[in-house]
Amino acid sequence: MRLRMMYRQMGLNSSRVHGLGRRWCSGTQNTAYDVVVVGGGHAGCEAAAASARMGRKTLLVTHKISTIGEMSCNPSFGGVGKGHLMREVDALDGLCARICDISGVNYVTLNKTKGPAVWGPRAQIDRDLYKRHMQAEILGTSNLTVTECAVEDLILTESQQSASSITKSICKGVILSTGEMVESKTVVITTGTFLRGCINIGLSVRPAGRIGDEPAIGLARSLEKAGFTMGRLKTGTPPRLDKNTIDYTQCGVTKGDNPPEPFSYLSTDVWIKADEQLDCHITRTSLEIEQIVHDSLPENKHVKEELSGPRYCPSLESKVLKFPGRTHQVWLEPEGFSSDLVYPNGLSCTMPAEYQQRIINLIPGLQRAKIVRPGYGVEYDYIDPRQLRPTLETLPIENLFLAGQINGTTGYEEAAAQGIIAGINAGLKGQNHEPFIVDRTEGYIGVLIDDLTTHGTNEPYRMFPSRAEFRICLRADNADMRLTRKGYKTGCVQRARYESACRMADLLDSNLDLLRSLKLETYKWDELLSRASSRPKGKVKSAVAVLQMVSIDELIKVQQTELGHLQSDRILKKRLEIEALYMLEIEKQQEEISEVRKDELLVLPMDIDYLRMPNNRGLPNDVRLKLAESRPHTIGAASRIPGMTPAALVYLLKFVKSSKTKLRFEDTL
């Protein structure tokens with residue numbers, strides 16, 4: 001009933017949702033495009049929508065239109081670090097934050113006991129609602145055609161570089177499984193876990209990118225044949241439980257926030273009221289499960305495989321083997337308003353189904369719980385991301401971009417962040433425009449991409465605030481101030497969002513100036529705020545300084561004449577509080593950022609032959625090899641290569657500065 005009401009409010013009919021799009025077809029109709037995006041997951045949706053918003057003629061090729069926007073693993077978005085990425089994607093006019101605001105069942109902000117810089121907006125999502133809303137968005141996007149098919153190969157040509165004898169491959173489109181050749185100026189591959197993917201349950205192995213979907217075999221072979229260095233990773237998912245067989249009275253309860261905070265800067269609130277949110281529950285494993293895990297190991301192929309799994313979201317088997325004698329938290333997360341399925345977050349496992357059922361029934365609250373679908377593991381190919389530029393264009397093949405789990409990451413948010421950057425740059429490259437790059441001083445997206453392209457990864461990469469050096473400035477609340485204007489210049493941000501961000505910037509500036517101008521002696525503030533004071537007269541403090549010690553509502557109460565206009569604007573009040581709280585730290589960090597940028601943003605020409613540079617003791621052979629392999633985009637990226645020495649950086653800096661090709665990073669934007 002709730003879903004039908006939602007569709008009526010949107011003017012949709014749930015039985016014909018796939019007919020919503022202006023452009024969708026069984027073939028490609030016109031075989032010349034500006035951008036072709038391969039894969040309809042979270043990276044692919046953001047990439048295709050971004051290039052289409054820029055006015056580029058875009059084709060999205062996916063195995064099944066019905067799985068566009070599928071949440072393959074957990075039914076949630078956001079969290080600590082990941083919530084920052086979502087806000088940044090939204091600031092660039094991406095889709096996932098807006099879709100979450102009309103699809104969530106439980107909204108919370110994690111880390112609220114700590115400072116706002118590390119708050120993590122998170123939401124449990126109704127899987128069906130999210131998928132349907134995303135499909136409606138994609139299928140209704142101008143300049144975007146969607147087709148169901150598999151991509152088997154790339155159309156490649158070779159070009160002789162004028163400055164050297166090097167021959168470079170250039171991507172000119174894709175070849176579909178039907179044999180049809182689709183030409184395009186650029187191609188974005190976002191195949192997730194589908195490259196030679198296989199699913200493991202116990203000793204059973206079946207080729208698949210996820211349950212019910214075929215893997216991408218031909219494309220994996222094509223990338224390997226093209227010379228990419230590839231690796232193999234694994235991940236997993238827990239069993240799904242029947243909610244009607246769970247005894248929630250034995251579990252803890254986690255309610256949504258009141259009021260629930262939206263993800264998108266364009267949303268003033270989410271689609272449901274606080275008291276309509278579904279509860280999440282928490283329980284713990286018992287020590288008795290350890291013996292079952294050990295008994296299952298001979299029948300558990302996934303655990304035996306010498307492949308790297310997600311360190312920060314390990315399987316139950318990994319936790320038991322690494323941390324014996326402990327119990328582990330299990331979050332029981334509802335999958336939607338009309339779903340009877342519960343996702344037991346923390347119980348990812350790949351043992352045979354009968355062992356999984358035994359373990360489930362040893363957990364408090366789950367003694368009678370029934371498994372609807374067993375957990376399983378996924379193994380898949382990925383590309384070493386050190387073969388990418390900061391634009392996510394590949395080094396071996398020009399005009400080819402990669403985004404999402406194909407680059408070694410894990411998570412919907414990391415995929416969406418890469419997808420929007422790849423889509424923007426694919427659209428720019430096809431028109432010979434300068435690239436769009438977010439560096440690590442500007443956003444978590446920049447940290448993510450710089451980490452991948454500089455260091456690579458041998459395990460599924462996940463975003464955390466600790467990875468960002470300047471996290472006081474890179475907060476979840478201010479991504480629009482950092483990125484929306486920059487994105488607007490590329491055409492990926494629509495005018496309405498740009499104007500909204502400009503209005504908020506003006507409001508923040510004007511009201512911060514007002515707060516700075518309101519000055520009283522310290523003892524006067526203490527009197528107004530009914531605070532005990534022994535401070536001498538004569539010392540003056542501004543309202544913005546006082547706001548570091550009291551809430552803005554307290555301040556408004558004693559300064560009604562000057563600040564009464566803020567009373568009803570909850571979002572503006574919160575943002576002013578945060579700006580005031582971090583004001584001194586932000587000033588210091590901005591100075592640090594400026595110092596870092598002086599030399600860190602110096603671009604390293606991509607045609608440097610590190611192996612043939614003049615011999616110098618400051619640049620030993622092992623460092624040359626690392627530089628040649630990583631091909632860092634900037635001095636800053638070079639500094640983060642493991643084993644890079646200060647002497648090598650100084651030599652490299654002098655070499656580039658003395659070169660006629662000297663170029664600063666901001667000159668490429």
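Please refer to the structure higher up on the page.
Asks: Explain the pattern of salt bridges to me, please; I cannot follow it from the model alone.
Replies: When the charged atoms of two side chains with opposite charge come close together, those side chains can pair. Counted according to the given criterion, the structure contains 39 salt bridges. As a salt-bridge pair, glutamate 393 and lysine 429 come within 2.6 Å of each other at their nearest N and O atoms. With glutamate 393 in the loop between strand E20 (376-383) and strand E21 (397-398) and lysine 429 in helix H11 (residues 412-430), this residue pair connects regions lying 36 residues apart in the sequence. Put simply, lysine 486 and glutamate 442 hold a salt bridge, and the shortest N to O gap is 2.9 Å. Here the residue lysine 486 occupies a position in helix H13 (residues 479-488), and glutamate 442 occupies one in the loop between H11 and helix H12 (444-455), the gap between them amounting to 44 residues. Look at lysine 486 and you get buried, because its relative accessible area is 16%. Salt bridges here are not isolated pairs; linked through shared partners, they connect Arg196, Glu224, Arg232 and Asp381.

Asks: Explain the packing of H13 against helix H14 (residues 495-517) to me, please; I cannot follow it from the model alone.
Replies: For any two helices packed against each other, the geometry is given by the interaxial angle and the distance between the axes. With their axes 10 Å apart at the nearest point, H13 and H14 run at an angle of 140° to one another. Considered as vectors, H13 and H14 are oriented oblique to each other. Between H13 and H14 lies a crossing of left-handed hand. In contact with Asp480, Met481, Thr484, Arg485 and Tyr488 of H13, H14 contributes Arg495, Arg497, Tyr498, Ala501, Cys502, Met504, Ala505 and Leu508.

Asks: I keep staring at the environment of leucine 514 and nothing clicks. Help me out?
Replies: Here leucine 514 shows up in helix H14. The spatial distance from the C-alpha of leucine 514 to the C-alpha of glutamate 562 is 8.3 Å, given a sequence separation of 48 residues. Beyond its immediate chain neighbours, meaning those up to four positions away, leucine 514 contacts Glu562, Leu563 and His565.

Asks: How do you make sense of the sheet that holds strand E4 (residues 76-78) when you look at a structure like this?
Replies: The pairing of strands in a sheet comes from backbone hydrogen bonds and takes either a parallel or an antiparallel form. In spatial order, the strands read E4-E6-E5; together these 3 strands make up an open sheet with antiparallel pairing. Sheet topology places E4 and strand E5 (104-110) at the edges, where each strand pairs with a single neighbour. Neighbouring strand axes in the sheet, compared pairwise and without regard to direction, differ in orientation by 15° on average. Where E5 and strand E6 (residues 120-125) come together, 6 bridges link them in antiparallel fashion. Its bridge partner being in E6, threonine 109 is matched across the sheet by proline 121. On top of the sheet, helix H3 (residues 82-91) reaches E4 and E6; it is set at about 80° to E4, its chief contact.

Asks: What exactly am I supposed to notice about empty space enclosed by the protein here?
Replies: Any space left empty among the atoms is revealed by the rolling of a water-sized probe across them. What the rule picks out here adds up to 2 cavities of 30 Å³ or more. Estimated volume of the largest cavity: approximately 270 Å³. Along the wall of the largest cavity there are 26 residues; nearest its centre are Pro390, Asp450, His633, Thr634 and Ala637. A per-element tally of the lining of the largest cavity places H12 first, with 5 residues. Split by residue class, the lining of the largest cavity holds 12 nonpolar, 7 polar and 7 charged. Its volume calculated, the second largest cavity comes out at about 30 Å³. Pro239, Leu316, Leu347, Cys349, Met351, Gln356, Ile359 and Ile360 are the residues that line the second largest cavity. Here the lining of the second largest cavity gets 3 residues from one element, more than from any other, and that element is helix H10 (residues 353-360).

Asks: Even after reading the chapter, I still don't get H14, so can you show me in this structure?
Replies: The periodicity of an α-helix, 3.6 residues per turn, causes residues three or four places apart in sequence to face the same way. Between its first and last C-alpha, H14 extends 33 Å over 23 residues, near the 33 Å set by a 1.5 Å rise per residue. Of all the residues in H14, the buried ones are Arg497, Ala501, Cys502, Met504, Ala505, Leu508, Asn511, Leu512 and Leu515.

Calculation rules
- Residues numbered from 1 in each chain as written.
- Predicted model: local features only at pLDDT ≥ 70, side-chain atom pairs only at ≥ 80, totals over all residues.
- Heavy atoms only, no water.
- Salt bridge = Lys/Arg side-chain N within 4 Å of Asp/Glu carboxyl O.
- Helix = DSSP H or I, 4+ residues; strand = E, 2+ residues; numbered from the N terminus.
- Buried < 20%, exposed > 50% of the residue type's maximum accessible area, 1.4 Å probe, protein only.
- Axes fitted to C-alpha atoms, helices over the stretch in contact; angles between N-to-C directions.
- Parallel < 35°, antiparallel > 145°, perpendicular 65-115°, else oblique.
- Left-handed = near helix turned anticlockwise from the far one by under 90°.
- Contact = heavy atoms within 4.5 Å.
- Pairing = 2+ DSSP bridges.
- 1 Å grid on protein atoms, 1.4 Å probe; cavity = no way out; pocket = protein on both sides within 12 Å on 5 of 7 lines; lining within 4 Å.
- Points joined across faces, edges and corners; volume = space filled by probe spheres on them.
- Nonpolar A, V, L, I, M, F, W, Y, C, P; charged D, E, K, R; others polar.
- Expected span 1.5 Å × (residues − 1).

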